[in-house]
Structures are given as structure tokens and as C-alpha cells.
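# Observations on chain architecture
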Amino acid sequence: VFFFNDTATTEIYTEQIVGSVRCVQETGVIAGRHIIISEIQLVAATCLQLAIELLEIIEIKVEDVSVLCGQKYSCEEIKRMKLDILTLLDWKLSYPLASDFARHIIQLWAQESELQDQQFLPLMDSFIELAITDYELCTLRPSTIAISSVLCAYERLK
């Protein structure tokens, strides 16, 4: 069994797991299958394995996940839950891009008619492209680039 010593990484995983588990608690469904309370540990452990596979260079095997759960779940149950979670996510495991964040911000800010202007989106996209091609700015989080691009485009068209 592999244990983590990196606090920052553990906090990221904790946020992802808590968010996933909260979603399951609220809906009670993963991939059309109702989840009972006793399976929440299975969901959390499987989300942890998926996050590790996506974000880390280490490998955590299904057997390790079973051991982490006190062997409460078989390897087949864990594999099935992994498939159910991937189905729920429609197999979309990529990081959100700055443009994804920006469009989401615009949807949240939808009452502002200027943001729906024909000139706004191309201008916002050009700010995003400038930021991701700049060596200093490309290290920023996509959400930071997105909000900055939305605000710059808004100010430019004001």
C-alpha cells in the first residue's frame, strides 16, 4: 500500500474525493446505478485511484485500493465502480482549459449583455491565446488566465 507524505497533494485529493462523495450523496446515483451509503467508501477510494492515475507518476493497483478499504470490496467491485465513475464522467478526464473556465464564467455572468456581444468572445479568446503562449503566464492556473481574459476583454470593449 502506498501512503502520501505530500500535504499539498493530499489536500488536492481530499478536495476531489469530498466533492465526488458529496455529489454521490446528493444524487445517490452513479452511471444510472443507485449507490447505498455503505458504498461511499468504495466511491471515494475509486476516485482516489483515478486521481492518482491521472495526476501522479506512481501506480496504485486495484489490490492496493482493496487493502486501503480493509478488503471490504473485491478487486472486481472496485473495477466495476471505476467503470461506473468513468461512464458517469463520459470518460472526460482532461484538465479544464482556460477557455472552458472563461465560458463558464460568462454563463454565470449571463445577465451582462456586453458579454454576449459578437466582439467579446473573439477578443477574450485572443487574450487567452496570448497568455498561454507567454512563458511567464503559461504557468498560471487556467482559471486565473480565464478570469483575467474575461476582465481584459470586458475592459477593452467598455
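These lines cover the structure that appears in this document, whether it is placed above or below. (Residues numbered from 1 in each chain as written. Predicted model: local features only at pLDDT ≥ 70, side-chain atom pairs only at ≥ 80, totals over all residues. Heavy atoms only, no water.)

### A word on the packing of helix α5 (residues 98-108) against helix α7 (residues 142-157)
Relative orientation and spacing of two packed helices are given, respectively, by the angle between their axes and the distance between those axes. Contact pair α5 / α7: the axes reach a minimum separation of 8 Å and the direction vectors enclose 50 degrees. Relative to α7, the element α5 lies oblique. As α5 packs across α7, the resulting crossing turns out to be right-handed. Where α5 abuts α7, its residues Ala98, Phe101, Ala102 and Ile105 lie against Pro142, Ser143, Ile145, Ala146, Ile147 and Val150. Grouping the constituent residues of the contact of α5 with α7 by class yields nine nonpolar, one polar and no charged. (Axes fitted to C-alpha atoms, helices over the stretch in contact; angles between N-to-C directions. Helix = DSSP H or I, 4+ residues; strand = E, 2+ residues; numbered from the N terminus. Parallel < 35°, antiparallel > 145°, perpendicular 65-115°, else oblique. Left-handed = near helix turned anticlockwise from the far one by under 90°. Contact = heavy atoms within 4.5 Å. Nonpolar A, V, L, I, M, F, W, Y, C, P; charged D, E, K, R; others polar.)

### Focus on the pattern of salt bridges
Side chains that differ in sign of charge can pair as their charged atoms come close. Applying the stated criterion across every chain, the model contains four salt bridges. The shortest N-O distance in the salt bridge between Lys79 and Glu76 comes to 3.8 Å. Placement of both Lys79 and Glu76 in helix α4 (residues 75-88) is noted, with a separation of three residues, approximately one turn of the helix. The class of Glu76 is exposed, set by a relative accessible area of 55%. (Salt bridge = Lys/Arg side-chain N within 4 Å of Asp/Glu carboxyl O. Buried < 20%, exposed > 50% of the residue type's maximum accessible area, 1.4 Å probe, protein only.)

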